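A closer look at the structure
So the chains spell out like this:
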Amino acid sequence: MLKTGKLLRLRRLSLAGDDRHLLVPLDHSVSDGPIVPADKWDDLLRALVAGGADGIIVHKGRASALPPDILKSCALVVHLSASTARSADVHAKVLVADVEEALRLGADAVSVHVNIGSDTEAQQLADLGAVARSCDVWGMPLIAMVYPRGPRIEDPRDPALLAHLANVAADLGADMVKTSVALPIDRMAEVVANSPIPVLAAGGPPDGSDLVEYGAAVMATGCRGLAIGRRIFSAPSPAALVSRLSAVVHGSGNTLSDDMSMTNYSTIVAGVA
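Calculation notes
Residues numbered from 1 in each chain as written. Predicted model: local features only at pLDDT ≥ 70, side-chain atom pairs only at ≥ 80, totals over all residues. Heavy atoms only, no water. Helix = DSSP H or I, 4+ residues; strand = E, 2+ residues; numbered from the N terminus. Rg over C-alpha atoms; globule rule 2.2 N^0.38 Å. Buried < 20%, exposed > 50% of the residue type's maximum accessible area, 1.4 Å probe, protein only. Contact = heavy atoms within 4.5 Å. Areas by Shrake-Rupley, 256 points an atom, 1.4 Å probe, with all protein chains shown as cover. Lys, Arg positive; Asp, Glu negative; His and termini not counted. Charge placed at Lys NZ, Arg CZ, Asp CG, Glu CD. Phe/Tyr/Trp six-rings, centres within 6.5 Å; stacked < 30°, edge-to-face > 60°. Lys NZ or Arg CZ within 6 Å of the ring centre and 35° of its normal. Salt bridge = Lys/Arg side-chain N within 4 Å of Asp/Glu carboxyl O. Disulfide = S-S within 2.5 Å. Polar contact = N/O pair within 3.5 Å; in protein donor to acceptor, adjacent residues only side chain to side chain.

**Overview of the overall build of the protein chain**
Along the protein chain, the regular secondary structure elements total 12 helices and 10 strands. Compactness check: the protein chain gives a C-alpha radius of gyration of 17 Å against a globular reference of 19 Å for 273 residues, within 12% of the reference. Counting only C-alpha atoms, the protein chain reaches 50 × 40 × 40 Å along its principal axes. Across the 273 residues of the protein chain, 55% fall into the buried class. Within the protein chain, counting contacts between residues at least 6 apart in sequence, those at least 24 apart form 68% of the total. For the protein chain, the exposed surface amounts to about 11700 Å²; the carbon and sulfur share of it is 53%. Across the protein chain, 24 positive and 30 negative side-chain charges occur, with their mean positions spaced 5 Å apart.

Below, the structure is given as structure tokens:
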């Protein structure tokens, strides 16, 4: 029964039922501060849902304050990790919620952040393992956000390193891994090929270029979805941008133009950190 519960929740993370995902992280208000004025929060959520986002990622307090009607066609992911940009160690993540809380809030999945290469990597790995154990008990999907960050990382876009991170997530019990995109982008295919679980590409192009073309290039490498926050919620029309990205993720259009092949696009952003 619990396995069935996890399968049902995983199904709700893909509106089209194609096991592809466009997730919009909105946890930045803990790490960096407000992302929109307080009276515009519900409007932002409605715009994301109207645009076709498969899911939003928020902390437990935001989840508890959601008007019930907003997420009628969008999954809820509760983020369990936190830190702030003002911390003595910005790479240190701590657990601030648990799976049982997320269940009571109606979550379809939970997410945990781990920074490999940080000074607190060991504790973050222990936390991921503990959350995975609880997710297994309750039939809750787990998205591991695993990034190469900290003083021991020389090249955070190295495909071999990112493949290692994907395997860390899989081996510790995650159902999906969200991680950085390799550069050049076409080498993200190596990360996907070496990952036992679906890979979600985090963020937008590091050089600030066209987000939709970037998303198409990333999806062409075999990634199972995009998880983009800041470039979406700071856009002039989040709903319109989400709609275009959803078409890319779910295969209904917005592919790269004839003169912008994946290889050429990768060359444009290669070397930009």
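**Observations concerning the packing of aromatic side chains**
Per the stated rule, a full pass over the model turns up 0 aromatic pairs. The ring of tryptophan 41 has arginine 62 sitting right over it, with the charged end atom 4.3 Å from the ring centre. Lying over the aromatic face of tyrosine 147, arginine 149 brings its terminal NZ or CZ to 4.1 Å of the ring centre.

**Details of unusual backbone geometry**
Here the residue pair leucine 183 and proline 184 is connected by a cis peptide bond, since its omega of -5 degrees sits within 30 degrees of zero. Along the chain, proline 184 falls in the loop between strand 8 (176–179) and helix 8 (188–193).

**Considerations on the pattern of salt bridges**
A complete count under the given rule lists 7 salt bridges for this structure. Put simply, glutamate 101 and lysine 60 hold a salt bridge, and the shortest N to O gap is 3.0 Å. In this pair, glutamate 101 is assigned in helix 5 (residues 99–104) and lysine 60 in helix 4 (residues 60–64), connecting sequence segments 41 residues apart. Residue glutamate 101 is classed as partly exposed on the basis of its relative accessible area of 22%.

**Side note on the state of the cysteines**
Linking two cysteines covalently via their sulfur atoms produces the bond known as a disulfide. Here the structure, examined in full by the defined rule, presents 0 disulfides. Left unpaired, cysteine 74 is separated from the closest cysteine sulfur, that of cysteine 135, by 19 Å. Look at cysteine 74 and you get buried, because its relative accessible area is 7%.

**Some points on the environment of serine 111**
Summarising the element assignment, serine 111 is placed in strand 6 (residues 109–116). Residue serine 111 is classed as buried on the basis of its relative accessible area of 0%. For the pair formed by serine 111 and isoleucine 232, sequence separation is 121 residues and the distance between their alpha carbons is 19 Å. Excluding residues within four positions of it along the chain, serine 111 makes contact with Ile57, Val77, Val78, His79, Leu80, Ser81, Leu142, Ile143 and Met145. Within the structure, the side chain of serine 111 is placed 2.6 Å from the side chain of histidine 79, a separation counted as a polar contact.

**Overview of the environment of methionine 140**
By the element assignment, methionine 140 lies in the loop between helix 6 (121–138) and strand 7 (142–148). Among residues more than four places away in sequence, those in contact with methionine 140 are Lys6, Arg9, Val99, Ala102, Leu103, Ala107, Asp108, Ala109, Val110, Cys135 and Asp175.

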